[in-house]
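What follows is the residue order along each chain.
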Amino acid sequence: PTDMKRQNQSSVVEFILLGFSNFPELQEQLFGVFLVVYLVTLMGNAIIIVIISLEQSLHVPMYLFLLNLSVVDVSFSAVIMPQMLVVLSTEKTSISFVSCFAQMYFLLLFGGTECFLLGAMAYDRFAAICHPLSYPTLMNKRVFMKLVMFSWVSGVMVATVQTTWVFSFPFCGPSEINHISCETPPVLELACADTFLFEIYAFTGTILIVMVPFLLILLSYIQILFAILKMPSTTGRQKAFSTCASHLTSVTLFYGTASMTYLQPKSGYSPETKKLMSLAYTSLTPLLNPLIYTLRNSEMKRALMKLWRRKVDLHTF
C-alpha cells in the first residue's frame with residue numbers, strides 16, 4: 001500500500017493550463033488582442049532600452065531606473081505572453097513540470113523586482129522634487145546602484161524561496177490548472193498536502209513585497225503633491241502633477257491587481273476573476289509603462305528625435 005501511495009503522489013508529470021477554455025468564442029478575440037499587446041510591449045520597451053543606452057545625456061538615475069524597468073517588463077512579457085498565446089489558441093495546453101516551475105520562478109523574479117524598482121523610482125522622484133538642492137547627494141551613483149541591486153536580488157530571493165517551496169509539495173492529480181499561466185495561487189490549489197504554513201508565508205511575503213513598496217510610493221507621491229502645490233508657476237505645477245498622476249495610475253494598476261491575487265493564495269475570487277486580474281498586471285502594466293513614463297517626457301522625445309535624425313542622416317550619405 002505504501003508503494004501505491006508513493007506512486008500516486010508523484011504521478012503528475014505535466015500540468016494542463018485551461019486558460020479561457022470555457023469561453024471558446026472569446027479565445028480568438030483575446031488571442032488577437034494579446035498578440036497586439038505583446039508586440040507593442042516588446043517594441044515600446046525595446047525603444048526605451050535603445051534610446052537610454054545610446055543617449056549619453058540620459059545616463060542619470062531617473063532614466064537608468066526606467067531602463068531597468070523596461071528590461072523587467074520585456075522579460076516579464078516574454079515569460080508569460082508566448083505561453084498565454086499558445087493557451088489561447090488551443091483547447092487544452094499541456095505544460096511540463098519543469099516549464100511550469102521555470103515560468104513561476106521568472107514571473108516571481110521579475111514581478112518582485114518590478115515592485116521594488118517602482119518603489120525606488122518613486123523615492124528618486126521624491127528626492128528630486130521635494131529636495132532638489134540635496135538631490136545629488138541623496139541620489140548619487142552609489143545610492144542608485146544599491147537600489148537597483150537590491151531590487152534585482154530581492155526578486156531572485158523571492159522567486160527562489162517561493163518556487164522551491166511550492167514545488168516541494170506533492171502533486172498527485174488533478175493536473176488541470178484553471179489559469180492562463182503557472183502562477184503560484186492556481187498551482188498551489190493542486191498540491192496534495194496541507195499548504196497552510198505556506199499560505200501564511202505567502203500572505204506575509206505579499207504584504208512585505210507588495211504593500212510596503214506601495215505605501216512608500218503613496219507617501220512619496222503625497223509629499224510630491226504637497227511640494228507641487230507650493231510651486232509658484234501654474235504650468236510647472238500642471239506638468240509635475242500630470243507626471244505624478246500617470247505614474248500613480250500605472251503603480252496602482254500593478255500593485256492593486258497583484259496584491260488582490262497574491263494576498264489570498266487559495267481562491268477567494270472566482271478563477272475567471274483571477275485570470276482577468278492576472279491579465280492586468282502581467283500584460284497591461286508592461287504595455288502601459290513605456291507609454292506612461294516616456295510619452296509625457298520631453299527629454300525622451302528629444303532623444304528619440306535625435307536618434308531618428310542620426311539614422312536618417314546615415315541613410316542619406
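Identification of the protein as Olfactory receptor from Myotis davidii is taken from an unreviewed UniProt entry. Recorded in UniProt for the protein, the comment headed Subcellular location (unreviewed entry) runs: "Cell membrane".

Participant: So what about the side chain of Thr282? Which residues, and what values?
Facilitator: In this structure, Thr282 sits in helix H10 (residues 271-294). Among the residues examined, Thr282 registers a relative accessible area of 0% and is labelled buried. Within polar-contact distance, the side chain of Thr282 engages the backbone oxygen of Ser278 at 2.5 Å.

Participant: Tell me about the UniProt feature "transmembrane region" (unreviewed entry) in the protein, and name the residues and values.
Facilitator: Under the UniProt annotation, "transmembrane region" (unreviewed entry) lies at residues 30-52, 64-85, 105-123, 143-161, 200-228, 240-258 and 278-295. The distance separating the terminal C-alpha atoms of residues 143-161 is 27 Å; by composition the span is 100% helix and 0% strand.

Participant: Account for helix H3 (residues 61-89), with residues named and values stated.
Facilitator: The end-to-end C-alpha distance of H3 is 41 Å, a good match for the 42 Å that 29 residues give at a rise of 1.5 Å each. Residue Ala78 marks the point of greatest curvature in H3, where the axis turns by about 30°; the proline Pro82 follows within four residues. When you tally the buried positions in H3, you get 21 out of 29 residues, the bulk of the element.

Participant: Report on helix H4 (residues 97-130), specifying residues and quantitative values.
Facilitator: Here H4 spans 49 Å end to end across 34 residues, near enough to the 50 Å set by a 1.5 Å rise per residue. Taking burial as the measure, the 34 residues of H4 include 24 buried ones, the bulk of the element.

Participant: For the environment of Gly155, give the residues involved together with the corresponding values.
Facilitator: Within the secondary structure, Gly155 sits in helix H6 (residues 141-166). For the pair Gly155 and Glu114, spaced 41 residues apart in sequence, the C-alpha to C-alpha distance is 8.1 Å. Excluding anything up to four places from it in sequence, Gly155 contacts Leu108, Leu109, Gly112 and Thr113.

Participant: Can you explain the packing of aromatic side chains? Please cite residues and give values.
Facilitator: Tallied over the entire structure, the rule returns 19 aromatic pairs. Ring geometry for Tyr105 versus Phe106: centroids 5.4 Å apart, planes at 85°, classification edge-to-face. The partly exposed category is assigned to Phe106, whose relative accessible area is 37%. Ring plane angle 55° and centroid distance 5.6 Å describe the contact between Phe198 and Tyr201, whose orientation is recorded as tilted. Of this pair, Phe198 and Tyr201 both sit in helix H8 (residues 196-229), three residues apart, roughly one helical turn. What makes Phe198 buried here is its relative accessible area of 1%. A cation over an aromatic ring shows up here: Lys275 above the ring of Phe20, its NZ or CZ 5.5 Å from the ring centre.

Definitions and limits used
Along each chain, numbering runs from 1 in the same order as the chain's sequence is written. Note on the predicted model: pLDDT of at least 70 is required for a residue's local features to be given, and 80 or more for side-chain atom pairs to be given and counted; whole-chain, interface and lining totals, by contrast, use all residues. To obtain the side-chain values, all non-hydrogen atoms of the structure were included, while hydrogens and water were left out. UniProt positions are given in the numbering used here, feature names are shortened, and annotations may be inferred rather than shown by experiment. Only DSSP runs of H or I reaching four residues or more are called helices, and only runs of E reaching two or more are called strands; each is numbered from the N terminus. For each residue, the accessible area found with a 1.4 Å probe, counting protein chains only, is set against the maximum for its type, and the residue is called buried under 20%, exposed over 50%, and partly exposed in between. We call two N or O atoms a polar contact when they sit within 3.5 Å, provided that within protein one can donate a hydrogen and the other can accept it, with sequence-adjacent residues counted only if both atoms are side-chain atoms. Multiplying one less than the number of residues by 1.5 Å gives the expected span of a helix. One axis fitted to the seven residues ending at a residue, another fitted to the seven starting there: the angle between these axes is the bend at that residue. Contacts between residues were defined by any pair of non-hydrogen atoms, one from each residue, lying within 4.5 Å. Centres within 6.5 Å are what make two rings of Phe, Tyr or Trp a pair, Trp counting through its six-membered ring; a difference in plane orientation under 30 degrees is then read as stacked, over 60 as edge-to-face, and the rest as tilted. Note on geometry: a ring has a charge over it if NZ (lysine) or CZ (arginine) is within 6 Å of the ring centre and within 35 degrees of the ring normal.

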